Amino acid sequence: IPVSYWEFGEKTPAPCICYVIGDTDSTYANSCSVKRTVNARVELYTKRNDFTTNKKLEKIFADNGILYDKSTGYVSERKEIVRYYSMVLDEDEEE
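Residues numbered from 1 in each chain as written. Predicted model: local features only at pLDDT ≥ 70, side-chain atom pairs only at ≥ 80, totals over all residues. Heavy atoms only, no water.

Asker: Can you walk me through the overall build of the chain in this structure?
Answerer: A count of helical and extended segments in the chain gives one helix and five strands. Listing every helix and strand of the chain by position from the N terminus yields β-β-β-α-β-β. A compact globule built from 95 residues would reach a C-alpha radius of gyration of about 12 Å, whereas the chain, at 16 Å, exceeds it by more than 25%. Considering only C-alpha atoms, the chain reaches an extent of 50 × 25 × 20 Å along its principal axes. Across the 95 residues in the chain, those meeting the buried criterion constitute 32%. Counting every atom, the chain has about 6,900 Å² of accessible surface; 50% of that belongs to carbon and sulfur. Here the chain carries 13 positive and 17 negative side-chain charges, and the mean point of each set is 12 Å from the other. (Helix = DSSP H or I, 4+ residues; strand = E, 2+ residues; numbered from the N terminus. Rg over C-alpha atoms; globule rule 2.2 N^0.38 Å. Buried < 20%, exposed > 50% of the residue type's maximum accessible area, 1.4 Å probe, protein only. Areas by Shrake-Rupley, 256 points an atom, 1.4 Å probe, with all protein chains shown as cover. Lys, Arg positive; Asp, Glu negative; His and termini not counted. Charge placed at Lys NZ, Arg CZ, Asp CG, Glu CD.)

In structure tokens:
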């Protein structure tokens, strides 16, 4: 499956995945960043409601301990279904 950051060209065929990294927040202790929170979204585009591909992607998230909220939409220009996976990722900062 092709993967792209932010957007695809109009001719990228489904299925394809697009991911977006949003805002980040840092937690500080003793004037040092100790934890960074990253808001992210993964978008899975398919020609039909592809439960097999959805489950494969969700298994990758589960195997890596990634919690997510999901919703579904339709992109009329592409005539495709899009499944949105929104997540908050925590990273411990290295010293």
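Asker: Hey, could you run me through the side chain of Asp50 in this one?
Answerer: If you trace the backbone, Asp50 turns up in the loop between strand 3 (32-46) and helix 1 (51-63). Polar side-chain contacts of Asp50 include one of 3.3 Å to the backbone nitrogen of Thr52. (Polar contact = N/O pair within 3.5 Å; in protein donor to acceptor, adjacent residues only side chain to side chain.)

Asker: Teacher, can you tell me more about the pattern of salt bridges here?
Answerer: Overall, the coordinates contain seven salt bridges when judged by the stated rule. Here Arg83 ties to Glu58 by a salt bridge, and the two come within 3.9 Å at their closest N and O atoms. Note that Arg83 is positioned in strand 5 (residues 80-92) and Glu58 in helix 1, a separation of 25 residues in sequence. Here Arg83 matches Glu58 in class, with each residue buried. In this structure, Glu80 and Arg78 form a salt bridge, with 2.7 Å as the shortest nitrogen-oxygen distance. Each member of the pair Glu80 and Arg78 is classed as buried. Through salt bridges with shared partners, one network takes in Lys55, Glu58, Lys70 and Arg83. (Salt bridge = Lys/Arg side-chain N within 4 Å of Asp/Glu carboxyl O.)

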